[in-house]
Amino acid sequence: MDRRRFLLASLLAPVGARGQDFDAFKRSQRQGVEDQREAFEDYKERVRKAFERYKRAHAKAVKAHRDNLEEVWSSPELTDNRKWVEYGQDRESQRVVDFAADEIRIKVVERDKASTDDLLFSQLTDLLSEDFATAFRRNPVDQRVEKALLETPEAVAQGEPGRQLIMGDLFDRPDPGSDQVEAKAKQLMQSASRQRQDVVPGSGWANVISVPLDEGRPMDKANRFLPLVRQQAREHDLAESLVLAVMHTESSFNPMARSHIPAYGLMQIVPESAGKDATRLLHGEPKVLAPSYLYEPENNIRVGAAYLHLLYHRYMAPVKEAESRLYCAIAAYNTGASNVARTFTGNGSMTEAAKVVNGRSGKEVFRTLVRELPYEETRDYLKRVTRRMPAYSEL
């Protein structure tokens, strides 16, 4: 019975009956709490197993993909946090968008010299017109991981990559027609450099074009995601410049980024760490974020901003000075809060580390972090993010 009915009934019941009913009520309450605790523990175990399955599936899928490509290419490139790489179904064409170098590279195995130019142009045109949904469907690694995660669907958050063009910032409108795409491809071909390259030494050649993209493209890429960044920065009480500088440093604005860890998308979300913590904040319980979820820019930026919020406003809350807290939060996005704490005290407690940090100026904290953080990658990461923030504060 509900609480109100129980109280009313207890006033009308004999004293002995009231005592019996109250004891039964207490037992039911205790049982309800115990059932909830067991259900939550069971859910946590399913989440843990899903993460284990995630890592195993990713490692197997990457190995299988590489082994398959090595039958044609001696040193196949794979997607990473700054490059988006695709191969044709016959494995004889390779397309790379290098978001850090702002360059497109296309390789086609040489079979018929007369048709090489047409093949290269066709590959470039197809690349420029490719949307998120198509890129995800064509990716054998992510498809294999996604399938493995379906064994625990209740713990997994999936997405549905949309029809926006991945290279949409190259066009004046979000939905260019085929004529505009072909015109852009012809324009880019005019500035392309060409070379021939060994495919497998001694057994074949590939024709290669390298297409430089606009030198001002970093800001174009940032502007493309600025509305989403503004919304999430406002919701999570963050500076827009911080979110954009982190995004630039993590992926060079590559929305199809996937690192070896694996980490996914624009803000390089690691499902087992940042993803788990952020979904607990956003949804009240941890979720396993599938590749399909993290390749949607809106989802990726929301999760990344939520994690930055946790780092700055919660995990680093014992640090009093805003400048020092910012430096600690940026470093923690790359290496974790416990590693930041160890830089100051030798143990993973941020509460203890804050006692040291709070006795130093922001400049001193920055100097300590870039000299003594345990990993060179994180030391460089902190410098790059802080160096980029001023430029993005002007957008």
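Here's what I pulled together on the structure shown here. From a predicted model like this one, the values you see are computed outputs, not experimental measurements. (Residues numbered from 1 in each chain as written. Predicted model: local features only at pLDDT ≥ 70, side-chain atom pairs only at ≥ 80, totals over all residues. Heavy atoms only, no water.)

Here we look at the pattern of salt bridges
- Overall, the coordinates contain 29 salt bridges when judged by the stated rule.
- Taking the shortest distance from any N to any O, the salt bridge between glutamate 86 and arginine 138 comes out at 3.9 Å. A residue pair is termed long-range when its members are at least 10 positions apart, and glutamate 86 in strand S1 (residues 83-87) and arginine 138 in helix H4 (residues 132-138) qualify at 52 residues.
- A relative accessible area of 37% means that arginine 138 is categorised as partly exposed.
- Each of Glu77, Asp80, Lys83, Asp98, Glu103 and Arg105 takes part in salt bridges that share partners, so that together they form one network. (Salt bridge = Lys/Arg side-chain N within 4 Å of Asp/Glu carboxyl O. Helix = DSSP H or I, 4+ residues; strand = E, 2+ residues; numbered from the N terminus. Buried < 20%, exposed > 50% of the residue type's maximum accessible area, 1.4 Å probe, protein only.)

Focus: the packing of aromatic side chains
- Overall, the coordinates contain 7 aromatic pairs when judged by the stated rule.
- Its end group placed over the ring of tryptophan 205, arginine 196 keeps NZ or CZ at 4.6 Å from the ring centre.
- A cation over an aromatic ring shows up here: arginine 325 above the ring of tyrosine 312, its NZ or CZ 4.9 Å from the ring centre. (Phe/Tyr/Trp six-rings, centres within 6.5 Å; stacked < 30°, edge-to-face > 60°. Lys NZ or Arg CZ within 6 Å of the ring centre and 35° of its normal.)

What to know about helix H8 (residues 240-251)
- When the terminal C-alpha atoms of H8 are compared, their 17 Å separation across 12 residues agrees well with the 16 Å that a helix rising 1.5 Å per residue should span.
- The element H8 is extensively covered by neighbouring structure, given that 11 of its 12 residues are classed as buried.
- Turning to H8, its buried residues number three or more, namely Ser241, Leu242, Val243, Leu244, Ala245, Val246, Met247, His248, Thr249, Glu250 and Ser251.
- Looking at the buried positions of H8, the neighbouring elements they touch are helix H7 (217-235), helix H11 (297-315), helix H12 (322-335) and helix H16 (376-392).
- Serine 252 lies just past H8 and shows a positive phi near 55°. (Expected span 1.5 Å × (residues − 1). Contact = heavy atoms within 4.5 Å.)

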